[in-house]
Amino acid sequence: MGVFTFVCKGSGADWTAKQLNGELEASASSTFELQRKLVHAAASSDSSGGAQSSFSYVTPSSAVFQVIIGGGGGGGAFVGGGGAAAAPAASGGGAAAEAPAAEEKKEEKEESDDDMGFSLFD
């Protein structure tokens, strides 16, 4: 997983970016094109997975752009949680299958106002 942080500066119609801790640089005529070039440069440097990016203006002529390569992001936590929950079920065998059956037997009886000895309008 690689994290690339860029400081972007605009001058007139041109934008330039330099990596905060590294040697990657790019320039373009718009922030959109600059972001595309920086994501491509970061992906060329670290090709360990998908890319996520965030562009935030600091002033009208400066911004911070961050590219994260790999790592899974928020989806990784969800998949990891699902895998962890599935692992005990797979290793538990019969014990895991018996748990839902026990829950089915334990039906809760829904109580009405009459059963509690008072009514809403008393």
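Everything here concerns the structure above.
Residues numbered from 1 in each chain as written. Predicted model: local features only at pLDDT ≥ 70, side-chain atom pairs only at ≥ 80, totals over all residues. Heavy atoms only, no water.

What to know about the environment of His 40
Turning to its location among the elements, His 40 is positioned in helix 1 (residues 31-45). Remark: the alpha-carbon pair of His 40 and Val 67, spanning 27 residues in sequence, is separated by 9.8 Å. (Helix = DSSP H or I, 4+ residues; strand = E, 2+ residues; numbered from the N terminus.)

Looking at the pairing of strand 5 (residues 62-69)
In terms of strand pairing, strand 1 (residues 2-11) meets strand 5 through eight bridges, oriented antiparallel. If you follow Phe 4 over to strand 5, its bridge partner there is Val 67. Note that strand 4 (residues 51-59) and strand 5 share eight bridges and pair antiparallel. Its bridge partner being in strand 5, Ala 51 is matched across the sheet by Ile 69. Between strand 4 and strand 5, which pair antiparallel in sequence order, lie two residues. (Pairing = 2+ DSSP bridges.)

Considering the pairing of strand 1
Strand direction decides the pairing type here: strand 1 and strand 2 (residues 14-19), joined by six bridges, are antiparallel. Across the sheet, Val 7 pairs through a bridge with Lys 18, a residue of strand 2. The antiparallel hairpin formed by strand 1 and strand 2 contains two residues in its connecting segment, where Gly 12 sits at a positive phi of about 70°.

A short note on the sheet that holds strand 5
Spatial ordering of the open sheet is given by 3-2-1-5-4, a layout of five strands whose pairing is antiparallel. Both outer strands of the open sheet, strand 3 (25-28) and strand 4, are each paired with one neighbouring strand and no more. With strand direction ignored, the average angle separating the axes of adjacent strands in the sheet is 20°. In the packing of helix 1 onto the sheet, the strands contacted are strand 1, strand 2, strand 3, strand 4 and strand 5, and the crossing angle to strand 3 comes to about 155°. (Axes fitted to C-alpha atoms, helices over the stretch in contact; angles between N-to-C directions. Contact = heavy atoms within 4.5 Å.)

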